[in-house]
Amino acid sequence: MTNEIRFRFIHLSRCRGVTRRSIQRIIKLDRSLLQLYQMTPSQISHTFSLPLKNATTLYQDLHNQARLKQLQLEMKNHHIITILDKRFPSMLKAIHDPPLVLYGKGNVDLLNDAPSLSVIGSRDPSREAKRKTAFIIEPLLHKNWLIVSGLARGVDQYAHEKTLILNGKTIAVLGGGFEHLYPKENQSLYQEIVHKGLVLSEYTPTTPPAKHHFPERNRIISGLSFGTLVIEAKKRSGTMITVDQALEQGREVFAVPGSIFTEQTEGCHQLIRDGAQMVTNAKDILEEWQVHAMGGKGLLTSTHVYEKSN
C-alpha cells in the first residue's frame, strides 16, 4: 500500500456522508481510491450505492481544502493507524465491526502486546472497588500483562493508576478526540498515560465526546484483549454493554463477586449466573490464559477484506 492510498483512506474515513460499512464497499470497488476523487456526486451515488444526498456531502468533503490541511497537520502530531496497516492489532481487526482508523498518542507498539486484559467497571464504585482492582491486576502486572481500559472515573481510573504505579503497560481508549478529554478531572492521568503508555481514539482529535461514542468505543476496549475483567457493574450500565460486545467477539468474560447488599455488584452476580467465570484472584485469569496460549483458543486471525490490501 502506498502512502498516497493510505492518506486517501484516512481522509475518506473523516468525511461525512459515509459509514464504516459504505467505506468498506468503496475500498472493495476502488482499491486505490483514486477514482473516487474524480467522480461527480451522481457518479459516486451510482457506483457505490449511496443516496445522492450522502454522495453530495461526501463529494464536498473530499474536495474541502481546509479538511485536507487539518488532516495533514494532525498526521504530523499524532500516530494514525489504519486497518490497512500491518501494525493494526490483529485481534481488533478480527471483530465484527473494527474501527477503520485509530488515532494514538504514546507508545503504539503496545497495540500488539500480549497478554492483554480489559478491566472495566462502575463509574460510581463501591468502597471496595479500588482494593479489588489492585488485588486482581497487581500479580498480572508483575508478569508484564497489558491493561486496557477507558479512562473513565471509577474502576477504569483505578486500573490505569495501579498499572502506572507499578510501571506497567496500559492503553486508554477514549470516547472522543484528544482535544476534548472526558472526564476533565482525569487530565493528569491522561498525560501520564501518553508519556508511559498509549491513548487511543477512533475519533479525530477535534471531535467532542458524545453519548453514543462511549458504547461504540467499548468494542475497541474488549477487542484489544483476550478477556474482559468486570470489577463491578450495576445491572444496567455501560459496563454491561462492553460485556455484550466481548461475548459477541468471542472473548473471555471474568466477573468479581461482591456483597449482596451492594448495587454495584449486582451486574457481576448476574454475569456469573449467566456463565461468566468468577474471579477471586489473578490465578483464575492466568490459568485461563494458559489454556488460550497453548491451544490457540480465542487467538483470532482476520480474513477481513482489508488484509488483502496490505
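The coordinates are above.
The sections below set out a description of the structure shown in this document. This structure is a prediction, so every number in the text was calculated from the model and none was measured.

By the burial criterion, the buried members of helix α1 (residues 3-13) are Ile5, Arg6, Arg8, Phe9, Ile10, His11 and Leu12. In the core, the buried residues of α1 are packed alongside α2 (20-29), α3 (34-38), α5 (52-62), α6 (65-77), β1 (79-82) and β2 (101-106).

Turning our attention to the nonpolar core. Among the nonpolar cores identified, the biggest contains 64 residues, and Phe9, Leu36, Leu58, Ile171 and Leu224 are the most heavily contacted of them. Setting aside residues no more than four positions away along its own chain, Leu224 makes contact with Pro89, Leu92, Leu111, Ser116, Val148, Ile171, Val173, Leu200 and Arg251. Grouped together as the second largest cluster of nonpolar side chains are 23 residues, Leu141, Ile147, Ala159 and Phe226 included.

This brings us to the packing of helix α8 (residues 129-142) against helix α14 (residues 282-295). Two elements in contact, α8 and α14, have axes whose closest approach is 8 Å; the angle formed by their N-to-C orientations is 45°. Taken together, α8 and α14 sit at an angle that is classed as oblique. From α8, Ile136, Pro139 and Leu140 reach across to α14, where they touch Ala282, Ile285 and Leu286. Looking at the contact of α8 with α14 residue by residue, the classes come out as six nonpolar, no polar and no charged.

Read across the sheet, nine strands follow the order β1-β2-β6-β5-β4-β3-β7-β8-β9 without closing on themselves; strand pairing throughout is mixed. The sheet terminates laterally at β1 and β9 (277-278), the two strands that pair on one side only. As judged from the four bridges shared by strand β7 (residues 227-230) and strand β8 (residues 252-255), these two strands associate in the parallel manner. Residue pairing in the sheet places Thr228 in a bridge with Val253 of β8. Packing against the sheet, α1 makes contact with β1 and β2, and its axis sits at approximately 90° to β1.

Reading guide: rules and limits
- Residues numbered from 1 in each chain as written.
- Predicted model: local features only at pLDDT ≥ 70, side-chain atom pairs only at ≥ 80, totals over all residues.
- Heavy atoms only, no water.
- Buried < 20%, exposed > 50% of the residue type's maximum accessible area, 1.4 Å probe, protein only.
- Helix = DSSP H or I, 4+ residues; strand = E, 2+ residues; numbered from the N terminus.
- Contact = heavy atoms within 4.5 Å.
- Core = buried A, V, L, I, M, F, W, Y, C linked by side-chain atoms within 4.5 Å.
- Axes fitted to C-alpha atoms, helices over the stretch in contact; angles between N-to-C directions.
- Parallel < 35°, antiparallel > 145°, perpendicular 65-115°, else oblique.
- Nonpolar A, V, L, I, M, F, W, Y, C, P; charged D, E, K, R; others polar.
- Pairing = 2+ DSSP bridges.

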